[in-house]
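Fold and contact review
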Amino acid sequence: MKIISGGICAAKGFTASGIHCGIRKNRTKKDLSLIYSQVPATASAVYTTNLVKGAPLLVTQKHIENGVAQAVICNSGNANTCNANGIEIAEKMSELIASELNINSDDIVVASTGVIGQPLNILPIKDGIPQLVKDLSDNGSASAAEGIMTTDTVMKEVAIEFTVGGKICKIGGIAKGSGMIHPNMATMLVFITSDVNISKEMLDKALKSDIQNTFNMISVDGDTSTNDMVCVLANGLAGNEKISCEGEDFNAFMKALNTVNVTLCRAIASDGEGATKLLECNVVGAKDLETAKTVAKSVICSSLTKAAMFGADANWGRVLCAIGYSGAKVDVTKIDVCFKSIKGEILVCKDGSGVDFSEEKAKEILLEKEIVIAVNLNDGEYSSCAWGCDLTYDYVKINGDYRT
């Protein structure tokens, strides 16, 4: 398995594009994206747990009930959420792009991201679709990734090459996510493409299993979005024997999918609104997996811990505090905490109590762009990892006038 270029266009048969159609006022920012498979693909998706769901999610859920999709259309700048005609607009987007591509409108995944509660005018989308289709290219991943960005500061894409049953296969993904990022699916937009031949049942199993340890383990601000999803299309053009049960081939696909997802998780977390640092909480020594995950999530979600990391303050007590209110049944007298970065590591807590350490060395470690908060519960063999970012002044600035 190796990292390659190409993003969502790395897999055979996939093209993509992204344009500015006029939804966003800034003409330099793309606001409409398309992903297209030459042939119908097996499709699976997971959706936000927020009870308030954007109209595109409801439409997409209906469209891919049969496990088939051939294209994804996504706009940014307007979430198409809490609109009286939201379903109608989402369906119209599907119909327009299906007509231009000459495919079935029920085989379209439709998504939107941006401001909630603002009417979405279909005309810019309608006028932009011919150009969007014309621009489809096997080098279009970056353009599509740009077209789904909102407050993101960097484009997020990745691609992996791997082998299944002696056949070379590829999987790639793009993502958007910077704010309204909090565990329990979904918390962003992620579109993944692969040329692997896999059944709907096994694709569902792979995606729903992997997100529990990837996208459900990131948090930027504690707010779960209304619109977001993770969607996978696998068109089978790699020519491998269909993966229809667990085994070596399924494990190879799972490993590749996990690599894509972890890469995108880290990219989303490090690009949190106003963030200056990627935070990773590694928990080991837990008595069970649920305990490890609960502790890791709680530490990453702690506003006080996030603020301390912004200030490069080795305030380990905030880590212990977050573990204490997490609800996990742990023995606090066994907990060890270390802070790590490329500048080294430093033990700050042993058996639930403070130890002497160099504040100067700790500051040097915590001034880096990527920080690991290492927690050892010393109570078992299970482990987990969660990702987040620091909490800065700029987060409030960005969200104080997000709509206006």
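Please read all numbers here as calculations on a predicted model, not as lab measurements.

Next up on the list: the overall build of the protein. The secondary structure content of the protein amounts to 11 helices and 15 strands. When the 404 residues of the protein are sorted by exposure, 56% land in the buried category. Pairs at least 24 apart in sequence give 80% of the contacts found in the protein among residues at least 6 apart. For the protein, the exposed area adds up to about 16,300 Å²; of that, 49% sits on carbon and sulfur atoms. If the 38 positive side-chain charges of the protein are averaged to one point and the 47 negative ones to another, these points end up 3 Å apart.

Next up on the list: the side chain of H63. Residue placement: H63 occurs in helix α1 (residues 55-63). For H63, a relative accessible area of 3% puts it in the buried group. Among all residues touching H63, those that are not within four sequence positions of it are V68, E91, S94, S105, D106 and I108.

According to the stated counting rule, one finds one cavity of 30 Å³ or more in the structure shown. Computed from the structure, the largest cavity encloses a volume of approximately 30 Å³. Within the residue set of the lining of the largest cavity, elements represented by two or more residues are β3 (32-47) and β4 (68-78). Take the lining of the largest cavity: its biggest share by element is three residues, from β3. In terms of residue class, the lining of the largest cavity is made up of eight nonpolar, one polar and no charged.

Let us now look at the environment of F339. Tracing the chain through its elements places F339 in strand β11 (residues 336-341). For F339 and V375, which are 36 residues apart along the polypeptide, the C-alpha to C-alpha distance reads 9.0 Å. Excluding anything up to four places from it in sequence, F339 contacts M309, A314, W316, V319, G344, E345, I346, V348, I365, L366, V372 and I373.

The next thing to look at is the pairing of strand β9 (residues 229-234). Along β9, six of the six residues are buried, which leaves the element largely enclosed by surrounding structure. By the alternation rule, side chains of β9 split into M229, C231 and L233 and V230, V232 and A234, which are all buried. Where β3 lies against β9, six bridges are found, and the strand directions are antiparallel. Bridging from a neighbouring strand, A43 pairs with L233 of β9.

What follows covers the sheet that holds strand β13 (residues 353-354). Taken in spatial order, the six strands make up an open sheet running β13-β12-β11-β14-β10-β15, and their pairing is mixed. At either end of the open sheet lies a strand with only one pairing partner, and these are β13 and β15 (382-389). The sheet contact formed by strand β10 (residues 278-286) and strand β14 (residues 370-376) spans seven bridges and is parallel. Residue pairing across strands places L279 opposite I371, the latter belonging to β14. Each of β11, β12 (344-350) and β14 is contacted by helix α10 (residues 359-366), which is oriented at about 120° to β12, the strand it contacts most.

Taking 1.5 Å per residue as the helical rise, helix α3 (residues 122-134) with its 13 residues ought to reach 18 Å, and the 19 Å between its terminal C-alpha atoms agrees with that figure. In α3, a bend of some 40° at G128 exceeds every other bend along the element, and P130, a proline, comes one to four places later. Buried residues along α3 sit in contact with β2 (14-19), β3, β4 and α2 (86-101).

As for its position among the elements, P124 is in helix α3. With residues near it in sequence (within four places) discarded, P124 still touches C21, G22 and I23.

What follows is about helix α7 (residues 289-301). Counted at 1.5 Å a residue, the expected span for α7 with its 13 residues is 18 Å, and the 18 Å between its end C-alpha atoms agrees. Taken as a whole, α7 has its buried residues at T291, A292, K293, V295, A296, S298, V299 and I300. In this structure, the buried side of α7 is in contact with β10, α8 (303-310), α9 (317-324), β14 and β15. Its side-chain oxygen 3.4 Å from the backbone nitrogen of E290, D288 forms the N-cap of α7.

Glancing now at the pairing of β15. Counted residue by residue, β15 has six buried out of eight residues, so it is predominantly covered. Where β10 meets β15, seven bridges bridge the pair, whose relative direction is antiparallel. Bridge pairing in β15 places E280 opposite W387.

Before going further, it helps to examine the packing of α2 against α3. At their nearest, the axes of α2 and α3 sit 10 Å apart, and the two run at 25° to each other. One element, α2, and the other, α3, form an angle in the roughly parallel class. Note that α2 runs across α3; the crossing there is right-handed. Every residue of α3 that contacts α2 at I89, K92, M93, L96, I97, E100 and L101 is listed here: I122, I125, K126, I129, P130, L132 and V133. Residue composition of the contact of α2 with α3, grouped by class: 11 nonpolar, no polar and three charged.

Glancing now at unusual backbone geometry. Even without being glycine, N80 reaches a positive phi, approximately 50°. By the element assignment, N80 lies in the loop between β4 and α2. Positioned with a positive phi, N378 is a non-glycine residue whose angle comes to about 50°. Counting through the fold element by element, N378 comes out in the loop between β14 and β15. Residue classification places N378 among the partly exposed positions, given a relative accessible area of 35%.

Calculation notes
- Each chain has its residues counted from 1, running along the sequence as written.
- The model is predicted, so local features are restricted to residues of pLDDT at least 70 and side-chain atom pairs to those at 80 or more, both for listing and for counting; the totals for chains, interfaces and linings are taken over all residues.
- For side-chain calculations, the full set of non-hydrogen atoms in the structure is used, while hydrogens and water are omitted.
- Helix and strand assignments follow DSSP, with helices taken as H or I runs no shorter than four residues and strands as E runs no shorter than two, numbered in order from the N terminus.
- Here's how the labels work: a residue is buried when its accessible area is under 20% of the maximum for its type, exposed when over 50%, partly exposed in between, all with a 1.4 Å probe on protein chains only.
- By definition, residues are in contact when any of their heavy atoms lie within 4.5 Å.
- Methods summary: accessible areas were calculated by the Shrake-Rupley approach with a probe of 1.4 Å, and residue burial reflects only the protein chains presented.
- We score Asp and Glu as negative and Lys and Arg as positive, and we do not count His or the chain ends.
- Taken as the charge location is NZ of Lys, CZ of Arg, CG of Asp or CD of Glu.
- Only protein atoms enter the 1 Å grid used here, on which a cavity is any set of points holding a 1.4 Å probe that cannot leave and a pocket is any open set flanked by protein within 12 Å on both sides along at least five of seven lines; residues with an atom within 4 Å of a point are listed as lining.
- Grid points are joined across faces, edges and corners, and a volume is the space filled by probe spheres set on the points.
- In this classification, Asp, Glu, Lys and Arg are treated as charged, Ala, Val, Leu, Ile, Met, Phe, Trp, Tyr, Cys and Pro as nonpolar, and every other residue, Gly included, as polar.
- Only strands that DSSP links by at least two bridges are regarded as paired with each other.
- Each axis is a line fitted through C-alpha atoms, and for a helix only the stretch in contact is used; angles between axes span 0 to 180 degrees, taken between their N-to-C directions.
- Expected span, for any helix, means 1.5 Å times one less than how many residues it has.
- Note that the bend at a residue is defined as the angle between axes fitted to the seven residues ending at it and the seven residues starting at it.
- In protein, a polar contact requires one atom able to donate a hydrogen and another able to accept it; more generally it is a pair of N or O atoms within 3.5 Å, and residues adjacent in sequence count only if both atoms are side-chain atoms.
- Roughly parallel means an angle under 35 degrees; roughly antiparallel means over 145; roughly perpendicular covers 65 to 115; every other angle is labelled oblique.
- By convention the crossing between two helices is left-handed if the near helix lies anticlockwise of the far one by an angle smaller than a right angle, and right-handed if it lies clockwise.

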